[in-house]
Amino acid sequence: MKFMKLGSKPDSFQSEGNNIRFVGSELATDIVVNIGDVRFYLHKFPLLSKSTRLQKLVSSTIEEDEEIDISDIPGGPSAFEICAKFCYGMTVTLNAYNVISARCAAEYLEMHESIEKGNLIYKIDVFLNTSIFRSWKDSIIILHTTKSLLPWSEDLKIVARCIDSIASKASIEPSKVEWSYTYNRKKDPHWNGVPTVPKDWWVEDLCELDIGFYKRVIVSIKNQVRTSVGVIGEALRAYTLRRGSLEKGDVAKNRLLVETIVELLPVERGCVRCGFLLTLLRAACVLECSEAMKRELVKRVGQQLEEACASDLLILAPAEDDMMYDVDLVLNIVEEFVTQGRGSEGYVLEGEVIGRSPVAPVMSGALQVKVAKLVDGYLAEVSKDPNLPLSKFIDLAEMLSGASRPTHDGLYRAIDMYLKEHPGMSKSERKRICALMDCRKLSMDACMHAVQNERLPLRVVVQILFFEQARVSVSPSPSPTPNPLPDSLAPRENNGSIGSSRSATTTTNAEEDWDEGLPNAASMRLVGRKGSERSIGSVSSVEKVHAKEAKGGGGGVSKKIFSRLWSGKGSRAGGENSSSDTSGSPRSSVNHRNHHHLEEVKSTPSRNMRHSVS
């Protein structure tokens, strides 16, 4: 820290209690200066020789004891004492902590060169220009001190000079930084012991600034073309995190902080991480910030939604809303992502903006796949809310195109979770939600789980079996499933949509499901030439498929599914319902009916093959 000593005489100021100051001298004092509750007993000659204002005050007083009041002096008693000691020629030390209060007090007392050469104002200005403003940390310290000295520090251009000094140093080439700074190298993953200056070396030192001064410093730094937007984004993130939780404490103060940070964010995409943007958006909702600011954050989150994770999107709904999470907000974010994906805006790759080029469509497809996986994970989480309307689930699931989901395992998990948490759904509602899923895009493990899932309509189960058999017939040689079931679909017990037990009250009505018929009947070629209808669910049809598998006609995948479906391992005993979650138990009630009917068909070969299981 820089400092300057003034005067050469020993300090003879003394105190009596907390409110009395006087100079130890043989000469009697002849002037009393009142500053609030503090009284200074001093001598006229040294004071009036250097202060024009005190001359005016003394000449205008008519009291015999020459008592004057200057309670409005900036810096208060401590700043006046520095000026008084300078007038007496006593030793006084100026540093970054007291120099600005002394400068403002000297300005108040009018201690200019016009009354005496080498006066206090001149000496302080020289000290500021030659030392303080050239020091990185001292400039930050005095900027702190100017807050309590407004408007004097502002009128004297001290605040502006501090900000210019800080901004110019923060924008300098890191290799040219020769002054000390605060930087926690443990946070730097590239730190290898070599004393190199990081690009964001100045970020931590500015975190203690008041939000008003911080805003002015960042604006000044942004005007310096040498500073990258990534460093500015990191500075804003560090400053916000230093303030702690944005959702607790003084609401007005936190609201101002969030609004200021959003205002300071560079316009370039990728200047901060999506997780930080969602933190700001969550705080903006809690603090009831302006709708315009929320829309701005939604737009920014939508630009880089592929970076988020499902937990980041779990923003609580307003208190007056019945739902647990603000699904409408996420709908707006995903809509913004889709809208921007159709526009002409480029993407940011390694800090550079890439326009619409031959690379862009490939990047766009990859981003959509990431976002689709994110949305499916989010749907699985919000489905735990019993008040989540089916319409919002469907709207969010349909927001992305079918090409965005090369596999539907995640969507199936979300659907299964919703069916579990909403057991009172009607038949038509279950049909609507299951229509979101493309059975042809399920992995083998997901198919194995689905055919044993009693929450699914039976028509969906049969459709899965059909497509799996068709896939086997096209590719007879078994091959590893390209999309294995994620860990989230692995069997669990009483935890999540896949591993929880299903109560007897949610048993699927098989007859109703079969009466609904199968979708895409034409593509399944279920209608005979002469108009006669043959149900894929007939026991004869299933028996033929099963027999084909048993003969080794190809396709271990379909064979596994059929063997699991028709096996009797999970048959109900004593009238009890078995679990149909991912515990691995088969659809026992269906198996019982189908095996019974299979025996009946075998015993009556002349029975019309058009009839279905009932």
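The name recorded for the protein chain in an unreviewed UniProt entry is BTB/POZ domain-containing protein NPY2, from Acorus calamus. The heading Sequence similarities (unreviewed entry) in the UniProt record of the protein chain holds the text "Belongs to the NPH3 family." Quoted verbatim from the Pathway (unreviewed entry) field of UniProt, the annotation for the protein chain is "Protein modification; protein ubiquitination."

Glancing now at the overall build of the protein chain. Scanning the protein chain from N- to C-terminus turns up 26 helices and 9 strands. A fraction of 70% describes how many contacts in the protein chain between residues 6 or more apart in sequence connect residues 24 or more apart. Accessible surface, the protein chain: about 30,600 Å² in total, of which carbon and sulfur atoms supply 52%.

Another point: the sheet that holds strand β4 (residues 31-35). Pairing is mixed across the open sheet formed by 5 strands, whose spatial order is β2-β3-β5-β4-β6. Among the strands making up the open sheet, the edge pair consists of β2 (13-16) and β6 (67-69). Taking each pair of neighbouring strands and ignoring which way they run, the sheet shows an average axis angle of 20°. In terms of strand pairing, β2 meets strand β3 (residues 20-23) through 4 bridges, oriented antiparallel. Residue pairing across strands places Glu-16 opposite Ile-20, the latter belonging to β3. Here helix α3 (residues 76-88) sits on the sheet in contact with β2, β3, β4 and β5 (38-42), set at roughly 5° to β5.

Glancing now at the packing of aromatic side chains. The way to describe two aromatic rings as a pair is by their centre distance and the angle between their planes. Enumeration according to the criterion identifies 9 aromatic pairs in this entry. Measuring from centroid to centroid gives 5.4 Å for Tyr-181 and Trp-201, while their planes differ by 55°, and the two rings are tilted. Linking Tyr-181 in the loop between α8 (158-170) and α9 (211-222) with Trp-201 in the loop between α8 and α9, this pair joins segments that are 20 residues apart in sequence. There is no split in this pair, since Tyr-181 and Trp-201 are both buried. Ring geometry for Phe-393 versus Tyr-418: centroids 5.1 Å apart, planes at 50°, classification tilted. Taken as a pair, Phe-393 in helix α16 (residues 390-397) and Tyr-418 in helix α17 (residues 409-421) lie far apart in primary sequence, 25 residues in all. As far as burial versus exposure is concerned, Phe-393 and Tyr-418 are alike and both buried. Chaining the aromatic ring pairs together yields one cluster made of Trp-136, Trp-179, Tyr-181 and Trp-201.

The first and last C-alpha atoms of α3 sit 19 Å apart over 13 residues, in line with the 18 Å expected at 1.5 Å per residue. Of all 13 residues in α3, 11 are buried, a share of seventy percent or more. Within α3, the full set of buried residues consists of Gly-76, Ala-79, Phe-80, Glu-81, Ile-82, Cys-83, Ala-84, Lys-85, Phe-86, Cys-87 and Tyr-88. Directly beyond the C-terminal end of α3, a positive phi value near 80° is found at Gly-89.

Cis peptide bonds are those with omega within 30 degrees of zero, and the linkage from Leu-150 to Pro-151 qualifies with 5°. If you trace the backbone, Pro-151 turns up in the loop between α6 (136-145) and α7 (152-155). Phi is positive for Glu-110, close to 60°, though the residue is something other than glycine. Mapped onto the elements of the fold, Glu-110 is located in the loop between α4 (99-109) and α5 (120-130).

Okay, the pattern of salt bridges next. All told, the structure shown has 21 salt bridges when counted by the stated rule. In this structure, Arg-103 engages Glu-107 in a salt bridge whose closest nitrogen and oxygen atoms are separated by 2.8 Å. Separated by 4 residues within a single helix, Arg-103 and Glu-107 lie in helix α4, roughly one turn from each other. A salt bridge links Arg-440 to Asp-438; the shortest N-O distance between them is 3.2 Å.

The rules we used
Residues numbered from 1 in each chain as written. Predicted model: local features only at pLDDT ≥ 70, side-chain atom pairs only at ≥ 80, totals over all residues. Heavy atoms only, no water. UniProt positions renumbered as here; feature names shortened; annotations may be inferred. Helix = DSSP H or I, 4+ residues; strand = E, 2+ residues; numbered from the N terminus. Contact = heavy atoms within 4.5 Å. Areas by Shrake-Rupley, 256 points an atom, 1.4 Å probe, with all protein chains shown as cover. Pairing = 2+ DSSP bridges. Axes fitted to C-alpha atoms, helices over the stretch in contact; angles between N-to-C directions. Phe/Tyr/Trp six-rings, centres within 6.5 Å; stacked < 30°, edge-to-face > 60°. Buried < 20%, exposed > 50% of the residue type's maximum accessible area, 1.4 Å probe, protein only. Expected span 1.5 Å × (residues − 1). Salt bridge = Lys/Arg side-chain N within 4 Å of Asp/Glu carboxyl O.

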